[in-house]
Amino acid sequence: MPDILSYPDAKPVNTFTLSQLDWLPWVAPLDPQDLTQQHYDGLVDRARAKSAYFRLLARDPDVLGARTRLDKDIFYSTGGLPRAERELAAAAVSRLNGCIYCASVHARFSVQFSKDDKDVNALLEHGTKSITDGRNAEIVHAAVTLTENGNKFGKKDIDRLQAAGFSQEEILDLIQAAAFFNWANRLMLSLGEAAPE
């Protein structure tokens, strides 16, 4: 049974930010020296062994392997929605779900790939209703609709995205990015907490 961890001296992070954050697990991750080839197969990318989060998920390496390959397929595939917009969808879902750590990571990626921080800063500072026009507003609206109640997302939402110029492939990428981050946020929020780096 893994140890349960607590951080009585950790400073809480209560503000959404573009700053780099740390993540503190509440359940002890595997020690790097205890990782086997099966764990590395689950991590897919050996560099992920540096992350306490991924070493914690490596306690079930087969599930982690499936999760990591899905993550890479959704966020690193070419074609469809540009990477900056996939990351914006992940940041919007994370903002709505209250996952400060994930919002920080994916907001930075969105800015990195778009070279524009205006909408991302508005999202982080003022919430999901703060982006009111253009493609970014449509991405956030769709991501929020999927997050609040996936059963509400339907033909009218697809029609709205198509009317805004999104292709079917882009819409599929947007749905997958939002869905994946609803899952990822729940893991992050239930297994640990954000902390200043």
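Residues numbered from 1 in each chain as written. Predicted model: local features only at pLDDT ≥ 70, side-chain atom pairs only at ≥ 80, totals over all residues. Heavy atoms only, no water.

(A) Highlighting helix α3 (residues 61-76). If you check α3, its first and last C-alpha atoms are 21 Å apart, about what 16 residues at 1.5 Å a residue would give, namely 22 Å. Residues of α3 that are buried include every one of P61, L64, G65, R67, T68, D71, I74 and F75, and no others. Contacts made by the buried residues of α3 are with α1 (37-43), α2 (52-57), α4 (83-97) and α9 (168-191). (Helix = DSSP H or I, 4+ residues; strand = E, 2+ residues; numbered from the N terminus. Expected span 1.5 Å × (residues − 1). Buried < 20%, exposed > 50% of the residue type's maximum accessible area, 1.4 Å probe, protein only. Contact = heavy atoms within 4.5 Å.)

(B) Quick peek at the environment of P2. Summarising the element assignment, P2 is placed in the segment before β1 (21-25). Counting along the chain gives twelve residues from P2 to N14, while the straight-line C-alpha distance between them is 28 Å. With sequence-adjacent residues up to four places away left out, P2 is seen in contact with V27, A28 and R59.

(C) How the structure looks around the pairing of β1. The buried fraction of β1 amounts to four of the five residues, a majority that puts the element mostly inside the structure. Bridge analysis of β1 against strand β2 (residues 192-196) gives five bridges, and the strand direction is antiparallel. Residue L24 lies in a different strand from β2, and its bridge partner there is E193. (Pairing = 2+ DSSP bridges.)

(D) Fine view of unusual backbone geometry. Its identity as a non-glycine residue notwithstanding, V44 has a phi of 70°, on the positive side. Looking at the secondary structure, you find V44 in the loop between α1 and α2. A positive phi angle, close to 65°, is found at K115, a residue other than glycine. Checked against the element boundaries, K115 lands in the loop between α5 (100-114) and α6 (118-126). Relative accessible area serves as the criterion here: at 71%, K115 is assigned to the exposed category.

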